[in-house]
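# Residue-level structure breakdown
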Amino acid sequence: METLLKRVGDFLKKTVPVGFEDFKRIQDEDMYFVDKSLMIKDLLDYKGSVNLYTRPRRFGKTLNLSMIRRFFEQEIDAYGEEIENGYLFDGLKITECGEEYMAHQGQYPVINLSLKAAKQPTYEMAVTSLVDEIAKEFKRHRYVLLGEELTESDHERFSDMMNYKAEMLEYAKALEFLSACLTQYHGRKTIILIDEYDVPLENAHFSGFYNEMIGFIRSLFESVLKTNINLEFAVITGCLRISRESIFTGLNNLEMHSIVSPWYADAFGFTEDEVKEMLSFYNLDDKFDEVKNWYDGYRFGEIDIYNPWSIINYVKMALADREAFPKPYWSNTSSNSIIKELVENADSEVRQEIENLIAGGTLKKPVHEDITYDSIHESQDNLWNFLYFTGYLKASKGSFEDDTQYVELMIPNREVRSIYKRTILAWFDKKVKNLERTELIQALEDEDCELFERLVSEQLLDTISFFDYAENYYHGFLAGLLKGTGKYLVTSNRESGTGRPDLILRTPSVRGGAIILELKVSDTFQGMEQECQKALKQIEEADYEAGLRAEGYSDIKKYGVCFYRKECMVRK
């Protein structure tokens, strides 16, 4: 009984930290925290000089960097007083690893820079945003101005950096200078943490100033990471493993850990045991199968990983309403742009590949880890690799052929599949708006079934379908084609007679006419005729035209429409 009361007390006490990325705040406010502190042990054991971790967006990279900073940093406030952060790790796994690790706690100066805010539409605005982040980090360390370690010129330069008075070239080398100042003050080399390093590059790619931005980022990184005598070690996070040639030129001390690397595989995202523990903590054990279906499916190294952003959002939602249906919580606008481009620019071969993926199939593709944003469209393989490394595809198995690594790519889970479907539907709506459909409507008015089914089949061939929607998919497809033509009002599944006709087209005036379409889906091409006749029989037996007659319509045309994959048959 006492254990149960304690658990109830914990349940009421622990907030689900949706949107919280500050480790200190999560711990201070006693929010639920999935313990990733053994990553600190790995950093000390593997002794990498510059460590780059690439994971999809919202997989815990910012929170992990915040945790690393709070562990290692000898944090000092603006008045020169040291801030104690050791208590934040009480009860976490790192404290059980021994004195050789805990001796590093609170011993280093740390530069912590996030680049995720550089999403502005022009280079000038985006680089100004980066300068602002750099100036803020100088302000955070302004206590160094209270000491006597800096020369007069360094003191002045530091003040200029902090107050936005420095030249752009100086900001491009600002981290190197800041690390030198911190090392002089603390008497220890500096740890560098850079979060979401590729956000400015992704934004610049889509906004059209990639070359300008990559020049600034390259200068910023090379000056602080290459042959910097004040560097203890660096941790960099991002979404893509950008090629050394594009940013890290000559940086021989860089260790890259992507989703295919066996190192740090469980450091980002939630393992299955961590998901089960969280669900159990909030008394949601019965929701595990639903969670697995929607949010599992990633594989980092040799470990199955769940999407952490979606898990914590799902848990918070389920605490408010246990019967609420899962949602696609994970979505990143900029990364979704690549799916949008994939869909909009797809040729017939790519359309088939997308349809195969949505249907649960796989694509065999070579793995290219070193990608630059400006090379995404150089080949279809680069595009598929981008989707893989950004979390929109997963690898089910791999192989080596002719010294090239290949993987079987597939959509990870229902959540990501829904993102593809939404993108396809939005593309289809946009496509239809620009489509001349006068001939399609005329075919219905003229009772030209052969022309109507040919026009509809042509559109099916030119679009991307997902057949798991069955009749619902074709219903939405045909409704999208027929709506907004200007002549007819289109209603679907409206009460009429003794049943619900799939689609009704009617003129605003009853003096015009109305059209009833009943849809069926056949399992075989040969069975399409029979399904059309079933649809026509259903229209008559259910008296679907009764409501239209009651409204005053007298000219009522009735069609049975059947679909089989990308074929359409129509009978009147």
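No experiment lies behind these values; they were computed from the predicted model shown.

### Quick word on the sheet that holds strand β11 (residues 489–492)
- Taken in spatial order, the 5 strands line up as β11-β12-β13-β14-β15 in an open sheet, and their pairing is mixed. The open sheet has two edge strands with one neighbour each: β11 and β15 (567–571). Within the sheet, the average angular offset between the axes of one strand and its neighbour, ignoring direction, is 20 degrees.
- As judged from the 5 bridges shared by strand β14 (residues 556–564) and β15, these two strands associate in the antiparallel manner. Residue Cys562 lies in a different strand from β15, and its bridge partner there is Met569.
- Across the sheet, helix α20 (residues 449–461) lies against β13 (514–521), β14 and β15, angled at about 160 degrees from β15, the strand it touches most.
- Against the sheet, helix α22 (residues 528–541) contacts β13, β14 and β15, and its axis sits at roughly 145 degrees relative to β14.

### As for helix α4 (residues 61–72)
- Between its terminal C-alpha atoms α4 stretches 17 Å, which fits the 16 Å expected from 12 residues at 1.5 Å a residue.
- Looking only at α4, the buried set comprises Lys61, Thr62, Leu63, Asn64, Leu65, Ser66, Met67, Ile68, Arg69, Arg70, Phe71 and Phe72.

### Section: the side chain of Asn382
- The topology assignment puts Asn382 in helix α17 (residues 380–389).
- Residue class for Asn382 comes out buried when judged on its relative accessible area of 11%.
- Residues in contact with Asn382, not counting those within four places in the same chain, are His368, Ile371, Ser375 and Ile376.

### Considering the packing of helix α19 (residues 438–445) against α20
- Two elements in contact, α19 and α20, have axes whose closest approach is 8 Å; the angle formed by their N-to-C orientations is 150 degrees. It follows that α19 is roughly antiparallel to α20 by the angle criterion. Where α19 crosses over α20, the two elements pack in a sense that is left-handed. Contacts from Glu439, Leu440, Ala443 and Leu444 of α19 reach α20 at Leu451, Phe452, Arg454, Leu455 and Val456.
- Grouping the constituent residues of the contact of α19 with α20 by class yields 7 nonpolar, no polar and 2 charged.

### Points about the sheet that holds strand β1 (residues 50–54)
- Sheet architecture is open: 5 strands sit in the order β2-β3-β4-β1-β5, paired in parallel fashion. Every other strand in the sheet has two partners, leaving β2 (110–114) and β5 (254–257) as the edge strands with one partner each. In this sheet, neighbouring strand axes are inclined to one another by 15 degrees on average, regardless of whether the strands run parallel or antiparallel.
- When β1 meets strand β4 (residues 231–238), the two strands line up parallel, connected through 5 bridges. From the neighbouring strand, Tyr53 faces β4, where its bridge partner is Thr237.

### What about the pattern of salt bridges?
- A complete count under the given rule lists 43 salt bridges for this structure.
- Residue Asp30 pairs with Lys14 through a salt bridge whose shortest N-O separation is 2.7 Å. Here the residue Asp30 occupies a position in the loop between α2 (23–28) and α3 (38–46), and Lys14 occupies one in the loop between α1 (2–13) and α2, the gap between them amounting to 16 residues.
- Overall, the relative accessible area of 24% leaves Lys14 in the partly exposed class.
- When the shortest N-O distance is used, the salt bridge between Glu73 and Arg140 registers 3.0 Å. Separated by 67 residues along the polypeptide, Glu73 in the loop between α4 and α5 (99–102) and Arg140 in helix α6 (residues 123–140) bring together distant segments of the chain.
- In this structure, a network of salt bridges that share partners links the residues Asp22, Arg69, Arg70, Glu73, Glu75, Glu137 and Arg140.

### Side note on the nonpolar core
- Leu478, Leu482 and Leu517 are the most contacted members of the largest nonpolar core, which has 123 residues in total.
- Among the elements that line this core, the one with the most residues is helix α11 (residues 210–225), at 9 residues.
- For Leu517, the contacting residues outside a window of four places in its chain are Leu444, Phe452, Leu478, Leu482, Asp502, Leu503, Leu505, Tyr559 and Val561.
- Within the second largest apolar cluster, 30 residues are counted, among which are Phe71, Tyr108, Val110 and Phe268.

### Focus: helix α7 (residues 152–162)
- Considered for burial, the residues of α7 that qualify are Asp154, Phe158, Ser159, Met161 and Met162. Down the axis, α7 shows its buried residues gathered within 160 degrees of arc, on one side only. Of the exposed residues in α7, those oriented more than 90 degrees away from the buried face are Glu152, Ser153 and Glu156.
- Each element contacted by the buried residues of α7 is listed here: α6, α8 (168–172) and α9 (174–186).

What counts and what doesn't
Residues numbered from 1 in each chain as written. Predicted model: local features only at pLDDT ≥ 70, side-chain atom pairs only at ≥ 80, totals over all residues. Heavy atoms only, no water. Pairing = 2+ DSSP bridges. Helix = DSSP H or I, 4+ residues; strand = E, 2+ residues; numbered from the N terminus. Axes fitted to C-alpha atoms, helices over the stretch in contact; angles between N-to-C directions. Contact = heavy atoms within 4.5 Å. Expected span 1.5 Å × (residues − 1). Buried < 20%, exposed > 50% of the residue type's maximum accessible area, 1.4 Å probe, protein only. Parallel < 35°, antiparallel > 145°, perpendicular 65-115°, else oblique. Left-handed = near helix turned anticlockwise from the far one by under 90°. Nonpolar A, V, L, I, M, F, W, Y, C, P; charged D, E, K, R; others polar. Salt bridge = Lys/Arg side-chain N within 4 Å of Asp/Glu carboxyl O. Core = buried A, V, L, I, M, F, W, Y, C linked by side-chain atoms within 4.5 Å. Arc of directions from axis to C-beta.

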